[in-house]
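A look at the structure
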Amino acid sequence: MTIPPTPSPRPESAALGGLLAEEPAETLRGYYRQMALIRAFESRAAEMYQRAKVGGYCHLNVGEEATVVGLMAALESRDYLFATYRDHGYALARGLEPGRVMAELFGKATGVSGGRGGSMHLFDRKLHLLGGYGIVGGQIPPATGAALALTYRGSPGPGAQAVMCVLGDGSTNIGAFHESLNLAGLWHLPIVYVIVNNGLGMGTPVEKAAAEPDLYKRGCSYRIPGERVDGDDVLAVRDAARAALSRARTERQPGLIEAVCQRLRGHSVVDPDKYRSRDEVARLRALDPVPAFRRRLVDAGILDDKAAQHIDEQAEAQIDAAVDFADASPDPSADQLFDYVYATAVANAPHQLPGDPVIALSLGQP
């Protein structure tokens, strides 16, 4: 099966060409550090999955690093983030320790969700990262609800909080997407929905699933302005997200961004990706945003090859340490199995393990 080309028209990437000189060099180097760290983490996460260190599902941001870093660069620390199940890169760029993220993938007690969430459910209340969600589009209604809650907390203005809700292209076909956008438009909620369009909903091309494949247009029914950006251009993504977030804060104008990028692996670690032709795979690999950004920075004199190599090696060393930390971390203890089943205490809630000798004794069992 040959996947059709990326939806056209794809935005031209002007920022990385003419605007590099207008950006602080250290800012650009910082973006590359984050992209390199995410790539190193995801590569090692795939390896750890294959070595049975990681259980359950595992979805990678490989190929989407520029989109991830650009979005997180636009988000203020006071803002709230809701992500998809492809959430590792967002957690890292939001500021979570790689060791704690890797420990969560390993199901360890030191993980960001105490080993209870795994790959798809990264969470940190202090950093306002309110999930990874395992259900397609499951994050859209609660993100919209969070934006509604913000309207009760204060007035619009430059210092107000906003919500960013990241979703995949496949989520735009579910009812919750349209219901949420309708409410956001109707109630003027401070939220920006970001569609990460990597061209495929699992193995189905966008053109085969959406009667309107220009996904940024889908907000027009709700009077929500939409914009398509080049997801391989970290600066274009950042600037579009900043502008949309600014409108959300000051005008209570919800926004919709479609970031067009690609994933360079299958839908998940176990997906052999057989639905793409060799030519298509080669075309996508040629667009790989990490080496492309590195090359542009070197060409612009912002990095040299030695400095770029040092950043890559630092990223690998950080992930080596993250794996060591996860390996050495304890598993959650069995007596914690029923913790957090309910948010508050509930009468007669289960609190003992099957096979517990105390339970067996109380039931008169040997």
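Residues numbered from 1 in each chain as written. Predicted model: local features only at pLDDT ≥ 70, side-chain atom pairs only at ≥ 80, totals over all residues. Heavy atoms only, no water.

Thoughts on the sheet that holds strand β7 (residues 255–260)
Strand pairing in a sheet takes place through backbone hydrogen bonds and is either antiparallel or parallel in direction. Operational definition: Strands are labelled as partners when DSSP assigns at least two bridges between them. Strands are runs of DSSP state E lasting at least 2 residues, helices are runs of H or I lasting at least 4, and numbering of each runs from the N terminus. Each axis is a line fitted through C-alpha atoms, taken for helices only over the stretch in contact, and angles between the N-to-C directions span 0 to 180 degrees. We call two residues in contact whenever any of their non-hydrogen atoms come within 4.5 Å of each other.
Across the sheet, which stays open at both edges, the five strands sit in the order β1-β2-β3-β7-β6 with parallel pairing between neighbours. One side of each edge strand has no neighbouring strand; the edge strands of this open sheet are β1 (80–82) and β6 (226–230). With direction set aside, neighbouring strand axes in the sheet form an average angle of 20 degrees. Pairing geometry for strand β2 (residues 163–168) and strand β3 (residues 191–197), over six bridges, is parallel. Along β3, the bridge assignment pairs Gly168 with Val196. Running at roughly 165 degrees to β2, helix α3 (residues 65–74) makes contact with β1, β2, β3 and β7 of the sheet. Strands in contact with helix α9 (residues 234–251) are β2, β3, β6 and β7; relative to β6, the strand with the most contacts, it is inclined by about 160 degrees.

Re the nonpolar core
As a reminder of what qualifies: Definition of nonpolar core: a set of buried residues of the types Ala, Val, Leu, Ile, Met, Phe, Trp, Tyr and Cys, connected through side-chain atoms within 4.5 Å. Buried residues are those whose accessible area, probed at 1.4 Å on protein chains only, stays under 20% of the maximum for their type, while exposed residues exceed 50% and partly exposed ones sit between those limits.
Formed by 72 residues in total, the largest nonpolar core has its most connected members in Leu71, Val101 and Met164. Looking at which element gives the most residues to this core, the answer is helix α2 (residues 25–50), with 13 residues. Setting aside chain neighbours within four positions, we find Leu71 in contact with Tyr90, Met164, Val166, Val194, Val237 and Ala241.

Some words on the pattern of salt bridges
Heads up, the condition is: Should a side-chain nitrogen of Lys or Arg be within 4 Å of a carboxyl oxygen of Asp or Glu, the pair is scored as a salt bridge.
Tallied over the entire structure, the rule returns 19 salt bridges. Put simply, Lys53 and Asp327 hold a salt bridge, and the shortest N to O gap is 2.9 Å. You can see Lys53 sitting in the loop between α2 and α3 and its partner Asp327 sitting in helix α12 (residues 305–328), a full 274 residues away along the chain. Connected through shared salt-bridge partners, Arg44, Glu47, Arg51, Glu316 and Asp320 make up one network.

A word on the side chain of His128
As a reminder of what qualifies: Distance and chemistry together define a polar contact, namely a pair of N or O atoms within 3.5 Å, with one atom able to donate a hydrogen and the other to accept it when in protein, and with adjacent residues in sequence counting only for side-chain atoms on both sides.
With respect to the element layout, His128 can be found in the loop between α5 (98–105) and α6 (140–153). The exposure class of His128 is buried, given its relative accessible area of 16%. Polar side-chain contacts of His128 include one of 3.3 Å to the backbone oxygen of Asp79. With sequence-adjacent residues up to four places away left out, His128 is seen in contact with Ser77, Arg78, Asp79, Tyr80, Leu81, Arg94 and Gln161.

What about the UniProt feature "domain: Dehydrogenase E1 component" (unreviewed entry) in the protein chain?
Defined as follows: UniProt positions are given in the numbering used here, feature names are shortened, and annotations may be inferred rather than shown by experiment.
If you check UniProt for "domain: Dehydrogenase E1 component" (unreviewed entry), the listed places come out as residues 33–333 in our numbering. Helix makes up 45% of residues 33–333 and strand 10%, whereas the separation of the span's terminal C-alpha atoms amounts to 36 Å.

A closer look at α6
Keep this limit in mind: How far a helix is expected to stretch is found by multiplying one less than its residue total by 1.5 Å. The directions from the helix axis to the C-beta atoms are what the arc is built from.
With 14 residues, α6 should cover 20 Å at 1.5 Å per step; its first-to-last C-alpha distance of 20 Å lies within 8% of that length. All buried positions along α6 are accounted for by Ile140, Ala143, Thr144, Ala146, Ala147 and Leu150. Buried residues along α6 cover an arc of 155 degrees about the axis, so they all sit on one side. At its buried positions, α6 is contacted by β1, β2, α7 (175–187) and β3.

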